[in-house]
Amino acid sequence: MDEFIKEAIKEARQGLSEGGIPIGSVLVKDGVIISRGHNKRVQNNDPIRHAEIDCLMNAGRIGSYKRTVLYYTIMPCNLCTGAVIQFNIKKVIVG
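Residues numbered from 1 in each chain as written. Predicted model: local features only at pLDDT ≥ 70, side-chain atom pairs only at ≥ 80, totals over all residues. Heavy atoms only, no water.

A. Spatial organisation of the environment of Gln-14. Within the secondary structure layout, Gln-14 lies in helix α1 (residues 3–17). Separated by 2.8 Å, the side chains of Gln-14 and Glu-18 make a polar contact. (Helix = DSSP H or I, 4+ residues; strand = E, 2+ residues; numbered from the N terminus. Polar contact = N/O pair within 3.5 Å; in protein donor to acceptor, adjacent residues only side chain to side chain.)

Take a look at the structure:
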């Protein structure tokens, strides 16, 4: 199994341990994890704090996202797909 998918799964498990929905994500640039996140819709009572959105928010302003890869534990929803397009992330890997 890919090392970055394993890290996304760790994030999903973290969300589950917090009583949330077990979905995780990591953002990788040049082979290094620069951000990670997990679904926090339940924990934060926030309808848009999906794992991918949490991950992107945790990354902060990094400039260009063109050389990044976003790893998910499930297929992205329309909201998260829109964020990927908006941030110009060229590669998404789903585990």
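B. Summary view of α1. Compared with an ideal rise of 1.5 Å per residue, which puts 15 residues at 21 Å, α1 spans 21 Å between its outermost C-alpha atoms and is within 8% of the ideal. What α1 keeps buried is the set Phe-4, Ile-5, Glu-7, Ala-8, Glu-11, Ala-12 and Gly-15. Seen end-on, α1 carries its buried residues on one side only, within an arc spanning 160 degrees. Turned more than 90 degrees away from the buried face of α1, the exposed residues are Glu-3, Arg-13, Leu-16 and Ser-17. Residues of α1 that are buried sit in contact with β1 (24–29), β2 (32–38), β3 (68–72) and β4 (91–94). After α1 finishes, the residue Gly-19 shows a positive phi value of roughly 85 degrees. (Expected span 1.5 Å × (residues − 1). Buried < 20%, exposed > 50% of the residue type's maximum accessible area, 1.4 Å probe, protein only. Arc of directions from axis to C-beta. Contact = heavy atoms within 4.5 Å.)

C. Quick peek at the nonpolar core. Leu-27, Ile-53, Cys-55, Leu-56, Ala-59, Tyr-65, Leu-70, Tyr-72, Cys-80, Ala-83, Val-84 and Ile-89 form the largest nonpolar core, which has 12 residues in total. Elements with a minimum of two residues in this core: α2 (51–59), β3 and α3 (78–86). Ranked by residues supplied to this core, first place goes to α2 with 4 residues. If we ignore the near neighbours within four places in the chain, the residues touching Cys-80 are His-50, Glu-52, Ile-53 and Tyr-72. By size, the runner-up hydrophobic cluster in this structure holds 6 residues, among which are Phe-4, Ile-5, Val-26 and Val-28. (Core = buried A, V, L, I, M, F, W, Y, C linked by side-chain atoms within 4.5 Å.)

D. Focus on the environment of Arg-41. Looking at the element boundaries, Arg-41 is found in the loop between β2 and α2. With 10 residues separating them in the primary sequence, Arg-41 and Ala-51 have C-alpha atoms 8.9 Å apart. With residues near it in sequence (within four places) discarded, Arg-41 still touches Ile-21, Asp-46, Pro-47, Arg-49 and His-50.

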